[in-house]
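# A closer look at the structure
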Amino acid sequence: MSVPEFSSKQWCRICFYPLPLESDQCSHCADIQIMKQERDRRVKQATIHALGGERPFIEYTKASFMTPCFRLKQALNKCATFNSLEDNLFIWSKCNDTPFTYGNGTGKTHLAAIALRRVLEYGGTGRLVKPSQLYRELRDCETAAGERHFLRSLGELDALVIDDIDSAKDTEYTAQTLYDIIDTRYMSARGGLIVTSNVPLQDLERRWRSGRLVSRLKQMCSLIDLSGLPDRRLGK
């Protein structure tokens, strides 16, 4: 028994769904394309929100991160392969006395954003926040229960970036708040914490006059030291 032959217009060559009569446009493929565009739009909006705005979304990409030296190549590789189930990072750089070397502008936030984007691209949740932003959101909580819920929500994110942790005010409340956030993740044996700083851990310990927070970070995090590198923004 012979198999009937069909013209190319009867079936979609991509998904093999039947084509509408007198049409070469596959409605099934068109629906899939619309769903894909909507998914991409939602992922983009979630990434913009997580990174804190349109500018970091555009600028903080793996492709735009320049690696003129081996140390930066190593740092980029560690962040580009970041595993939020296991990895925690402390990315820091300190001002040197030599000319044109700074703690700022060495790529700390850019690297942290690359690691965060990797988590988001695989469907995870995450945020990049500065200490001042955390305190504002805490102040907006109307009750103690609201504060606890907010802190717990940070602990449950797949990835949390605390950017410029050294910019936090030198107060007992500051140290306690940061400790509560980080300790929540530590006690739940979570990865996904990324902290950036313009000073090393021992300087943070002296500043806050408390070893608990720094001890947690030492236990949890792999260190990425970018000290002595020039300000990348000066070359733009």
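Our structure is the block above this text.
Residues numbered from 1 in each chain as written. Predicted model: local features only at pLDDT ≥ 70, side-chain atom pairs only at ≥ 80, totals over all residues. Heavy atoms only, no water.

### What to know about the packing of aromatic side chains
Inspection of the entire model under this criterion finds one aromatic pair. The interplanar angle of 55 degrees and the centroid separation of 6.4 Å between the aromatic rings of Y135 and Y173 together place this pair among those described as tilted. Highlighted residues: Y135 in helix α5 (residues 131-140) and Y173 in helix α7 (residues 172-187), separated in sequence by 38 residues. You can call Y135 buried: its relative accessible area is 9%. The ring of Y179 is capped by R212, whose NZ or CZ atom sits 3.9 Å from the centre of that ring. (Phe/Tyr/Trp six-rings, centres within 6.5 Å; stacked < 30°, edge-to-face > 60°. Helix = DSSP H or I, 4+ residues; strand = E, 2+ residues; numbered from the N terminus. Buried < 20%, exposed > 50% of the residue type's maximum accessible area, 1.4 Å probe, protein only. Lys NZ or Arg CZ within 6 Å of the ring centre and 35° of its normal.)

### Points about the sheet that holds strand β2 (residues 126-129)
The sheet built from five strands is open, its strands ordered β2-β3-β4-β1-β5 with parallel pairing. Single-partner strands in this sheet number two, and they are β2 and β5 (222-225). For this sheet, the mean inter-axis angle between neighbouring strands, taken without regard to orientation, is 10 degrees. The pairing of strand β1 (residues 89-92) with strand β4 (residues 193-197) spans four bridges and is parallel. Paired with L89 across the two strands is I194, which belongs to β4. Along the sheet, α5 contacts β2 and β3 (159-162); its crossing angle with β2, the most-contacted strand, is approximately 105 degrees. (Pairing = 2+ DSSP bridges. Axes fitted to C-alpha atoms, helices over the stretch in contact; angles between N-to-C directions. Contact = heavy atoms within 4.5 Å.)

### Overview of the pairing of β4
Among the five residues in β4, five count as buried, and that is most of the element. Along β4, one buried face is formed by L193, V195 and S197 and the opposite face, lined by I194 and T196, is buried too. Of the pairings in the sheet, the one linking β3 to β4 comprises three bridges and is parallel in character. The partner of V161 across the bridge, within β4, is I194.

### Let's talk about the environment of R71
Following the sequence through the fold, R71 ends up in helix α3 (residues 70-80). The class of R71 is partly exposed, set by a relative accessible area of 34%. The spacing of R71 and L229 is 158 residues in sequence and 9.4 Å in space, taken between C-alpha atoms. R71 has contacts with D225, L226, S227 and L229, leaving out every residue within four places of it along the chain. Engagement of the side chain of R71 in a polar contact is seen with the backbone oxygen of D225, the distance being 2.8 Å. (Polar contact = N/O pair within 3.5 Å; in protein donor to acceptor, adjacent residues only side chain to side chain.)

### Some details on the pattern of salt bridges
For the structure on display, the rule yields 11 salt bridges. We note a salt bridge from K36 to D40, for which the minimum N-O separation is 3.1 Å. In this pair, K36 and D40 both sit in helix α1 (residues 27-51), four residues apart, roughly one turn of the helix. Here K130 and D164 are joined by a salt bridge, their closest N and O atoms 3.0 Å apart. Taken together, the residues span a long stretch of sequence, with K130 in the loop between β2 and α5 and D164 in the loop between β3 and α7 at a distance of 34 residues. Taking relative accessible area as the criterion, K130 reaches 33% and is therefore assigned partly exposed. (Salt bridge = Lys/Arg side-chain N within 4 Å of Asp/Glu carboxyl O.)

### Regarding the packing of helix α6 (residues 144-156) against α7
At a closest axis distance of 8 Å, the pairing of α6 and α7 adopts a crossing angle of 45 degrees. The orientation of α6 relative to α7 falls into the category oblique. Relative to α7, the crossing made by α6 is right-handed. Residues L151, L154, G155 and E156 of α6 pack against D180, I181, T184 and R185 of α7. (Parallel < 35°, antiparallel > 145°, perpendicular 65-115°, else oblique. Left-handed = near helix turned anticlockwise from the far one by under 90°.)

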